[in-house]
Each structure stands twice: as structure tokens, then as C-alpha cells.
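Below are the chains, spelled out letter by letter.
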Amino acid sequence: MKLDRFIRISIGLIILLVFIIAIAALLFMTESALNVWDRLVQGPRIILYGYLAVMAVLVIAAIWLVIRLVVRRKIEPVAAKKRPLDKAEILTRLREAESAGVNTRAAQAELRELASRQETGSVHLCFFGEISTGKSSLIKALIPTADVAINSVGGSTIDIRHYRWHDKSGTQILLTDVPGTGGVEGQLDEVAAEEAQRAQIVLFVCDGDLTRTESKAVEWLLALEKPLVLVMNKSDRYDREEQAVLMQRLLDHLGDLGGESARDLVVAVSAGGEMEVIEKQADGNETVVRRKRPADIGVLVVAINHLLEAGQDSLDVRRDRAVFRLAAEKLAQAEGEYRQQRAEQIIRSSTRKAVVGALAAISPGTDIVIQGYLGTAMTRELCKLFGAAPRDLDIEEFLTLSQSRAGKALPLSLAVAGNGLKAFPGIGTVAGGLVHAVAYGLIFDALGRSLVMTLKKHGQLDPGTAAKEFEEGISEHIEAGVRQVARMALDQDKS
Ligand SMILES: Nc1nc2c(ncn2[C@@H]2O[C@H](COP(=O)(O)OP(=O)(O)OP(=O)(O)O)[C@@H](O)[C@H]2O)c(=O)[nH]1
Ligand SMILES: [Mg+2]
């Protein structure tokens, strides 16, 4: 009871003292400020203004420092930059990426292909659709002399082919046959999608009402903002009434998906193709013969001509924009791969340093490995690579938060390291120092990997989220890195 009272009186006295000091300080400061001000006012003007200017500069510098320290800066990651729409923008990005060491070949190839198409002034019409809807058959019907692969088994077209249709008023018109989407070879979908982006007009071929996947594909094609004709092939399989119902549904679908639901942009045709018929011979035997079905593609020809009459300039502008976007996507992909590669290099070299340090017994604990110079340097480098600009405080907070998890993971890391080292032939009893070095290396490696995952996902370093990611993935990452880190330590140990 007595003690409690003593503590309360002490606290009261301390508060009183603090107040007295604060009031004294305030009085002192006011007095000095007024003194200074009086002297300045009495002195020459130039000193007054000079003094005020210096004060202003100091205040601005202080505010700037506080903002820098407190507000998290965020540089947009390169991949998330707004999509370039003109040539100058994409060329600048390509140059920048190339000088940074990114492999820009795929993106450059797109621009070269575009330039060559621009030079010939050709118009490309791409037949796009699920497998076996009759894309190749339609091309064959439009150009009977074309050598087009057609098969009742889906997946007959496996590459991109261009067929010259006709040169209307000197313009070269090419029909592009692409692999059908939704086949077994998933990667062919991408081939087809890329070609659709390079064409001026897309003809989406279906053979009935749109399935959910087809609707998605149409939606994606509409987003390319180029003319799209919805072609319902194999209409010979439906009677007039059924056809009318289907056409109305397709029109509604197109409208729902945000397309122009003009009647001349949705056509029902029959490419013909071949059918197998059983024929009775004179001798009574039955044989299977292949017969050509008559084609009925008049409305498609009208729709295409209608679009072509609208003028090539607007077709070209829209095609160019789509190709620039495609090139930008390819560049972004290459940048992603480059970042991944660089990130691995950074992690590897930092991990090696951690292992070397541990072997030389310079870094005798996880705290020094994680929170010391190496941890800060790696975090800073990885953040820079992913376009994140964290404050020094964020880096420190992330490393401090990760520290306790790293400490807890040490026993597991030591066990994994011991096992990992034993897996190398010719290693008898492993020295304790080596196991420790590998264990520290593993923890460091895990830190780098989880950081890369966070930066990829969020584009910036949020200390809490990043440390949580590290905590959740640490065991997995420790296991994943063991071979590489063990080899690193053994090489180092030998040398
Ligand atoms: N009934 C009917 N069948 C057709 C029609 N057009 C094409 N076919 C048949 O549909 C099948 C597929 O034709 P393809 O032209 O190879 O189809 P595709 O879309 O090019 O197929 P992939 O290249 O594999 O994506 C063949 O058996 C054709 O005979 C048509 O108008 N009516
Ligand atoms: Mg085909």
C-alpha cells in the first residue's frame, strides 16, 4: 500500500517536472526567437531576408525528409504500366528493355511482321473458332483450288497458313487458316489467338449456338476492337426454322457480349465439306463413298465485301493497335522472365555470401544473416528489380519480422542441411560448421524466394505481408533449395 502511494507520488512529481521543463523551454525559445527577430529587424534588410530564406529552406528540407521517411513510394512495376497504343511508345519501351538485357526478340518479331504486312498493304482475314467447326472447309469453299487440310477428326490444322483469295482493286486479300481452339494441344490456342491479333478482320466460326468457351473467346476477340463476323457453319444440319432460332440467339449473344449485333455480321453458311454415303451397287453390294456436299457461302462473301468496302485505313489502324498490344504483352512476358532470372542470380549470390560468412564464422547466427548487411542488401536489390521502392524503415521492419521465424526454423534447417550434405557422394562425417553454414544459407535462400513471390504478387514491399509469406513458405523453400546451397557450401569449403 505504501509502495503504491510512493509510486503514484513519484509519477506525479515526474509529470510536474516535465511540465516545468516544457514551460521553461517554451519561454526560453520564445525569448531567443524574439531576441533574434528584434536584432534582425534592426539590422540591414538583406540579413533579414537571407535569414528568412535559410529558415524556409530548412523547414522545406525537414518536411521533405519526414515525407520520404513516412510515405511509402510506389513505382509502377514495368509490367503493369498502361498498355502502349502507339509505335513510339512501344519502341521506347523496347529500347529500354533491350539495354537492360531483356530478350526482346519475340516483341521485335511482331513489329517486323507488322511492317512487312504494312508494306504489301495486304488485308488478312483470320478464320478463328473451336476445332472441327469447318474453318478450313470454308477457306476451301472460298478458294476451291487451295490445298487445305480438312478432316472429320478435330485438330487437322496445326499451323498458320495464308491463302490468297483475290486482289480486289489491287488489294491483296489473304485468308488465314489457324488451328482450332480447344484441342488437345492447348498451346495451339495461343498460336490461333496471336494470329487473330495480327489480322484486320476476324471470322469467328461456330457450328451452332455458342458454348460458354466460345462466348468467352468472342468476348476476347471483341476486345481487340476489330471487325468480327460471327459465322455459323454447317447450317445444312438445321431446317429453316431451327436456323432462324439459332441466328437470333447468336445475334443476342453478340449483343450481350458488347458486340455490334448487326444482321450482316452474323451469317449462316454451309462450307459443304465431304460426307460419307452408302451406295448400293448393281450387284447388290453396299459401298461407302465420299461425296462433296454443296457449299452455300454467298452471305459470307457479301459480309466480307461489305467490311472491305468500309475502307482499309480504319482496318489497318485497328490492326496496328492490336499488334502493338501483342508486342507489348510479349515484351512484358520477356521482362517477367528476365526479372525471374535476375532475381535468382541475386538470391544465389547473396546466399553464397551468407554461406561464406557462416563458414568463416563471421556470421554466427541467423540474426546477423537476416538482419545484417546481407539481408538488407538483398532485399533492396530485389525490390529495385521489381520496381518497388520501399523506405529503409520498411526493409528494416520486414527483416525484423522475419527474424523470429528464421530463428524458429533453424532446427529444421539444420536437419535438412545435414541430410542434404549426406546426399553428396564421398562426404563422410560432415563437420558441424559446414552444416550450420548450409542451414543459414537455406534460410537466406528461403527469404529471397518468398520475397520474390510477394513482390511478384503485390509489386511492392509491405513488411507484414512479405514476412507472413516468408513464414508460410519457409519450410517448403528450405527443402527446395537444399541441393543448390549444399553444393555451394561444399565448393566453398573445398576452395
Ligand atoms: N455438315 C457439314 N459438315 C461440314 C461443313 N463444313 C465442314 N464440315 C465437316 O466438318 C469437319 C471439320 O472440317 P474442317 O474444315 O477440317 O474443320 P476445321 O475447323 O478446319 O478443323 P480444325 O482445323 O481441326 O480446327 C469435316 O469433316 C468437314 O467435312 C458443313 O458445312 N456442313
Ligand atoms: Mg482446319
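Now for a description of the structure that goes with this document. These numbers come from a predicted model, not from an experiment.

Coordination sphere of the magnesium ion (ligand 2), protein contribution only: S136 (OG) and T157 (OG1), at 2.0 to 2.1 Å. Placement of the pair is S136 in helix 5 (residues 135–142) and T157 in the loop between helix 5 and strand 3 (161–168), with a sequence separation of 21 residues.

A separate point is the nonpolar core. If you look at the biggest cluster of nonpolar residues, it comprises 48 residues, and the most contacted ones within it are L382, F398, L442 and I478. Sorting elements by how many residues they give to this core places helix 14 (residues 432–458) first, with 14 residues. Leaving out residues up to four positions away in the same chain, L382 has contacts with A343, I346, I347, G448, L451, V452 and L455. Membership of the second largest hydrophobic core comes to 29 residues, among which are L138, L142, I143 and V267.

Before going further, it helps to examine the packing of aromatic side chains. Evaluated as defined, the whole model comprises one aromatic pair. Seen in terms of ring centroids, F128 and F204 are 6.2 Å apart; in terms of plane orientation they differ by 35°. Their pairing is tilted. Of the two residues, F128 is situated in strand 2 (residues 123–129) and F204 in strand 5 (residues 201–206); the sequence distance between them amounts to 76 residues.

A negative phi holds for most residues other than glycine; trans holds for most peptide bonds. Despite not being glycine, S132 has its phi angle at roughly 65°, a positive value. Locating S132 in the fold gives a position in the loop between strand 2 and helix 5. Residue E225 is not a glycine yet carries a positive backbone phi of 60°. Note on placement: E225 falls in the loop between helix 7 (212–222) and strand 6 (228–232).

By nearness alone, 25 residues border ligand 1, and K135, S137, G155, T157 and D236 come closest of all. One of the backbone N or O atoms of S132 is found 3.0 Å from an oxygen atom in ligand 1. Between S136 and ligand 1, the recorded distance is 2.8 Å, taken from a side-chain N or O atom to an oxygen atom. Protein contact buries 94% of the 650 Å² of open area that ligand 1 shows by itself. For ligand 1, the cavity whose grid points lie within 2 Å of the majority of its atoms is the largest pocket.

Rules used in this analysis
Residues numbered from 1 in each chain as written. Chains lettered and ligands numbered in written order. Predicted model: local features only at pLDDT ≥ 70, side-chain atom pairs only at ≥ 80, totals over all residues. Heavy atoms only, no water. Donors = N, O, S within 2.8 Å, 3.2 Å for Na, K, Ca; no water. Helix = DSSP H or I, 4+ residues; strand = E, 2+ residues; numbered from the N terminus. Core = buried A, V, L, I, M, F, W, Y, C linked by side-chain atoms within 4.5 Å. Buried < 20%, exposed > 50% of the residue type's maximum accessible area, 1.4 Å probe, protein only. Contact = heavy atoms within 4.5 Å. Phe/Tyr/Trp six-rings, centres within 6.5 Å; stacked < 30°, edge-to-face > 60°. Near = heavy atom within 4 Å. Polar contact = N/O pair within 3.5 Å; in protein donor to acceptor, adjacent residues only side chain to side chain. Areas by Shrake-Rupley, 256 points an atom, 1.4 Å probe, with all protein chains shown as cover. 1 Å grid on protein atoms, 1.4 Å probe; cavity = no way out; pocket = protein on both sides within 12 Å on 5 of 7 lines; lining within 4 Å. Sits in = over half its atoms within 2 Å of the grid points.

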